[in-house]
Amino acid sequence: MDNKIKELTGANMDIDLTTDQNDINWEQSKCPWNEEENTKEHKCCVKNTSICKYFCGIKYLDKVLCSYPYENKEALEENK
């Protein structure tokens, strides 16, 4: 089985990967969707607003589970 879910480190549990690495004091993975599209617009979660279609949850202590480029339903099903 090919694991489609990546663990991205340094999550801000607000929850997002910040768009500006200079705004934080810890190491943080870059959003693969933003990297692919050369943008800073995509967020994992925005409180009370939205959840990214690639967001698969969080893992203790500060990892965002991301299935980019596979939508989370497909990736979660394969990882059962």
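No experiment lies behind these values; they were computed from the predicted model shown.

**Remarks on the pairing of strand S5 (residues 63-66)**
- Pairing analysis gives three bridges linking strand S1 (residues 6-8) to S5, with the strands arranged antiparallel. Residue pairing across strands places Glu 7 opposite Leu 65, the latter belonging to S5.
- What sits between strand S4 (residues 55-59) and S5 in their antiparallel hairpin is a turn of three residues.

**Observations regarding unusual backbone geometry**
- At the junction of Tyr 68 and Pro 69, the peptide bond is cis and its omega measures out at 10° in the coordinates.
- On the secondary structure map, Pro 69 appears in the loop between S5 and helix H2 (72-78).
- The phi torsion at Asn 38 lies on the positive side, around 50°, for a residue other than glycine.
- With respect to the element layout, Asn 38 can be found in the loop between helix H1 (32-37) and strand S2 (45-46).

**Quick notes on empty space enclosed by the protein**
- Going through the model one piece at a time under the given rule, you end up with one cavity of 30 Å³ or more.
- Here the largest cavity defines a volume of roughly 90 Å³.
- Mapped onto the lining of the largest cavity, the elements with two or more residues apiece are H1 and S5.

**A closer look at the sheet that holds S4**
- What the three strands build is an open sheet, ordered S1-S5-S4; its pairing is antiparallel. The sheet is open, and its two edges are formed by S1 and S4, each paired on a single side. Neighbour-to-neighbour, the strand axes of this sheet turn through a mean angle of 30°, independent of strand direction.
- Direction of pairing for S4 relative to S5: antiparallel, over a ladder of four bridges. Residue pairing for S5: Phe 55 is matched across the bridge by Cys 66.

**A word on the packing of aromatic side chains**
- For the structure on display, the rule yields three aromatic pairs.
- Each ring, one from Trp 33 and one from Tyr 54, has its centre 4.8 Å from the other, and the planes form 90°; the classification is edge-to-face. Of the two residues, Trp 33 is situated in helix H1 and Tyr 54 in the loop between strand S3 (50-51) and S4; the sequence distance between them amounts to 21 residues. Taken individually, Trp 33 and Tyr 54 each receive the classification buried, so the pair is uniform in this respect.
- Plain terms: the ring middles of Tyr 54 and Tyr 68 are 4.9 Å apart, the flat faces sit at 80° to each other, and that makes the pair edge-to-face. Here Tyr 54, found in the loop between S3 and S4, pairs with Tyr 68, found in the loop between S5 and H2; they are 14 residues apart in sequence, far enough to count as distant.

Definitions and limits used
- Residues numbered from 1 in each chain as written.
- Predicted model: local features only at pLDDT ≥ 70, side-chain atom pairs only at ≥ 80, totals over all residues.
- Heavy atoms only, no water.
- Pairing = 2+ DSSP bridges.
- Helix = DSSP H or I, 4+ residues; strand = E, 2+ residues; numbered from the N terminus.
- 1 Å grid on protein atoms, 1.4 Å probe; cavity = no way out; pocket = protein on both sides within 12 Å on 5 of 7 lines; lining within 4 Å.
- Points joined across faces, edges and corners; volume = space filled by probe spheres on them.
- Axes fitted to C-alpha atoms, helices over the stretch in contact; angles between N-to-C directions.
- Phe/Tyr/Trp six-rings, centres within 6.5 Å; stacked < 30°, edge-to-face > 60°.
- Buried < 20%, exposed > 50% of the residue type's maximum accessible area, 1.4 Å probe, protein only.

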